[in-house]
Amino acid sequence: MEFSGRTCIVTGAARGMGFAVAKKYAENGANVVMMDVNETLLAESAKTVDALGEGTVLPMAVDISKTANIEKAMAEVEEKLGAVYALVNCAGISLYTPMLEYTEKDWDTSFDICLKGLFFLSQAAARNMVKYGVKGKIVSFSSQAGKIGEPGGVAYDSAKAGVAMLTQCMALDLAQYGISCTAVAPGMVNTEMIQAYLARDCVNYGMTKEEFEAKRLEGIPFGRMGEPSEVAELVYFLSSDRGAYITGETINFTGGSCNI
Ligand SMILES: NC(=O)c1ccc[n+]([C@@H]2O[C@H](COP(=O)([O-])OP(=O)(O)OC[C@H]3O[C@@H](n4cnc5c(N)ncnc54)[C@H](O)[C@@H]3O)[C@@H](O)[C@H]2O)c1
């Protein structure tokens, strides 16, 4: 199989898009390291992923916002599985608060998870790839919200814009080793995160969740949300040999909404 013997780390792998990516790798023979802060859900999701393929599945309860955790986790990955082939930085939280009420804690939480943790994990994975001479792949999750901005998204949207620039910079530094760095920028993808957003923000517009969802879908030319399995196909392609010449790019995944 295409990914047999390749170790792929996926953060935020307990649910949503990270879970979909972990399943796609397992189906194609990879060893899958599933990192997530939600230990209980991770254990359950890892069982599902393990049943899909022949590779090793290693669930790791890690809060990627703490750099000390990252060092420890990466040392364990190397000890158990050696070289890393791919890192998919999917873990994230979307904290929306009106700008005038934004606290330092909200700011730090958003940046520590969505940008700082993502960088230091990428650095640790890249060091592993260079050490083992692997022409590896780093795929990170940015967001449409990092391109067009949304009310209340001062930190989340800024951090996601940062992911796109970080991807460009890492790509330039790592090209000499044959390592590619790309990002995906989803619009609305049907996960627990988006369902929680619809339920929370509908009240700001005086709508029910269903009304708010219908209004948001009007802004998507395809008239529907993306599915996690569809994003997983894109991430898989970017991290496969077929996507090897693409680096530094952030690919929109929005059903056309980023173009209107
Ligand atoms: N769903 C969307 O429409 C959408 C749109 C644009 C961007 N994104 C981004 O895509 C990524 C995946 O989103 P999703 O919708 O699948 O989210 P989700 O909330 O369904 O899943 C995110 C996962 O990340 C984990 N996580 C959160 N903080 C963590 C931490 N500190 N350390 C380790 N794991 C942590 C959570 O426990 C959860 O399992 C996120 O980075 C998100 O910001 C999502």
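Residues numbered from 1 in each chain as written. Predicted model: local features only at pLDDT ≥ 70, side-chain atom pairs only at ≥ 80, totals over all residues. Heavy atoms only, no water.

Enquirer: Outline the pairing of strand S6 (residues 180-186), supporting the account with residue identities and numerical values.
Expert: Most of S6 sits out of view: seven of its seven residues are buried. On S6, burial covers both faces: Ser180, Thr182, Val184 and Pro186 on one face and Cys181, Ala183 and Ala185 on the other are all buried. Relative to S6, strand S5 (residues 137-141) is paired through five bridges, and the arrangement is parallel. The residue of S6 that forms the bridge with Val139 is Thr182. (Buried < 20%, exposed > 50% of the residue type's maximum accessible area, 1.4 Å probe, protein only. Helix = DSSP H or I, 4+ residues; strand = E, 2+ residues; numbered from the N terminus. Pairing = 2+ DSSP bridges.)

Enquirer: Describe the nonpolar core, listing the residues and the values that go with them.
Expert: Counting residues in hydrophobic clusters, the biggest one holds 74 residues, and the most contacted among them are Tyr25, Met34, Met35, Met74, Val88, Ile138 and Val235. Considering every element that reaches this core, the biggest residue donor is helix H4 (residues 104-132), with 10 residues. Ignoring any residue separated from it by four or fewer positions in sequence, one finds Met35 in contact with Ile9, Val10, Thr11, Gly12, Ala13, Met60, Val62, Ala73, Met74, Val77 and Leu121. In this structure, Tyr197, Leu198, Cys202 and Phe212 belong to the second largest nonpolar core, which totals nine residues. (Core = buried A, V, L, I, M, F, W, Y, C linked by side-chain atoms within 4.5 Å. Contact = heavy atoms within 4.5 Å.)

Enquirer: Describe the environment of Tyr245, listing the residues and the values that go with them.
Expert: Structurally, Tyr245 is set in the loop between helix H9 (228-239) and strand S7 (250-253). Measuring from C-alpha to C-alpha, the distance between Tyr245 and Gly223 comes to 32 Å, with 22 residues separating the pair along the chain.

Enquirer: So what's going on with the packing of helix H3 (residues 67-81) against H4? Residues and values would help.
Expert: It is at 10 Å that the axes of H3 and H4 come closest, and there the two elements cross at 30°. Taken together, the axis directions place H3 and H4 in an arrangement best described as roughly parallel. Note that H3 runs across H4; the crossing there is right-handed. Only Lys116, Gly117, Phe120, Leu121, Ala124, Ala125, Asn128, Lys131 and Tyr132 of H4 make contact with H3, whose side of the interface consists of Thr67, Ile70, Met74 and Glu78. Taken together, the residues of the contact of H3 with H4 break down into seven nonpolar, three polar and three charged. (Axes fitted to C-alpha atoms, helices over the stretch in contact; angles between N-to-C directions. Parallel < 35°, antiparallel > 145°, perpendicular 65-115°, else oblique. Left-handed = near helix turned anticlockwise from the far one by under 90°. Nonpolar A, V, L, I, M, F, W, Y, C, P; charged D, E, K, R; others polar.)

Enquirer: An account of the sheet that holds S5 is needed here, citing residue identities and associated values.
Expert: Sheet strands associate in pairs through backbone hydrogen bonding, adopting either a parallel or an antiparallel arrangement. Spatial strand order, S3-S2-S1-S4-S5-S6-S7: seven strands in an open sheet with parallel pairing. Here the strands that pair on one side only, and so sit at the sheet edges, are strand S3 (57-61) and S7. Taken over all neighbouring pairs, the strand axes of this sheet differ in orientation by 15° on average, direction set aside. Pairing of strand S1 (residues 7-11) with strand S4 (residues 86-89) involves three bridges; the strand directions are parallel. The partner of Ile9 across the bridge, within S4, is Leu87.

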